[in-house]
Amino acid sequence: IPSNIGSLIGQISRVTSGDVITIALYPEGSATPAYTQTVTKGTWAATYYFESVKNGTYTIKVSADGYKTYSAKVTIFAGGLHTHDVQMETGSDLNGLVVVDGVWGYYEGGVLQTDFTGLVPYGDLIFYVENGILDFTYTGLAWYNNAWTYVANSQLTEGYTGLVWFEGEWFYVV
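Note that the coordinates shown come from a computational prediction; the quantities given were computed from them, not determined experimentally.

### Focus on the environment of Phe 77
Turning to its location among the elements, Phe 77 is positioned in the loop between β6 (70-76) and β7 (81-83). Between the alpha carbons of Phe 77 and Lys 61 there is a distance of 19 Å; along the sequence they are 16 residues apart.

Right, here's the structure in full:
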């Protein structure tokens, strides 16, 4: 084995027999995977093995239809066999505002609500969602609890008084 090569092996659990799973290793700072593998879960487990991986830090991403994408950092050292086991989570667990693959979305029963535009509570705050995605740039009016409310940078802003330009007209918000 060359002095700058290691190996990575792991087992993926909490998936159903027959599920097709993609495992990708992204070098630190890269949007393109350096190593990719697809496995199908058999009766007992889904196992992956990358035999010759260059030394370095990688982001491992494990994905399969109906599951949240798993993401974590792994570091590969020369000559070593490294293990990284993964427990997948089903997408049906997703409800409310949730981050999936780095994007805030509004989910019900694991399904992104792409037909929904409006305000959604998250903890003690209320945020503006457009087509199911949290829009951090939105400033304007939104209908909530049977009244027009003012939203600034996607967050409901209570106590605001002033003029707001909305859909081609000025409105005075109290």
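Don't stop here, the text continues.
### Section: the pairing of strand β12 (residues 118-122)
As defined by bridge partners, β12 adjoins strand β13 (residues 125-130) across five bridges and the pair is classed as antiparallel. Paired with Tyr 122 across the strands is Leu 125, a residue of β13. Counted between consecutive antiparallel strands, the loop separating β12 from β13 contains two residues, among which Gly 123 sits at a positive phi close to 65 degrees.

### Thoughts on unusual backbone geometry
For Asn 131, which is not a glycine, the phi torsion comes out positive at approximately 55 degrees. Note that Asn 131 resides in the loop between β13 and β14 (133-134). One non-glycine residue, Asn 153, lies in positive phi territory at about 50 degrees. Turning to its location among the elements, Asn 153 is positioned in the loop between β16 (147-152) and β17 (155-156).

### Side note on the sheet that holds strand β2 (residues 20-27)
What the four strands build is an open sheet, ordered β3-β2-β5-β6; its pairing is antiparallel. Taken across any chain shown, the strands that pair with only one partner, and hence form the sheet edges, are β3 (35-40) and β6. Each strand of the sheet is rotated relative to its neighbour by a mean of 20 degrees, with strand direction disregarded. With seven bridges joining them, strand β5 (residues 56-63) and β6 adopt antiparallel strand pairing. Note on β6: the bridge partner recorded for Tyr 58 is Val 74.

### So, the side chain of His 82
Tracing the backbone through its elements, the reader meets His 82 in strand β7. Polar contacts involving the side chain of His 82 include one to the main-chain amide nitrogen of Phe 77, which spans 3.0 Å. Sequence-distant contacts of His 82, defined by excluding residues within four places in its chain, comprise Ser 7, Leu 8, Ile 9, Thr 75, Ile 76 and Phe 77.

Thresholds, definitions, all that
- Residues numbered from 1 in each chain as written.
- Predicted model: local features only at pLDDT ≥ 70, side-chain atom pairs only at ≥ 80, totals over all residues.
- Heavy atoms only, no water.
- Helix = DSSP H or I, 4+ residues; strand = E, 2+ residues; numbered from the N terminus.
- Pairing = 2+ DSSP bridges.
- Axes fitted to C-alpha atoms, helices over the stretch in contact; angles between N-to-C directions.
- Polar contact = N/O pair within 3.5 Å; in protein donor to acceptor, adjacent residues only side chain to side chain.
- Contact = heavy atoms within 4.5 Å.

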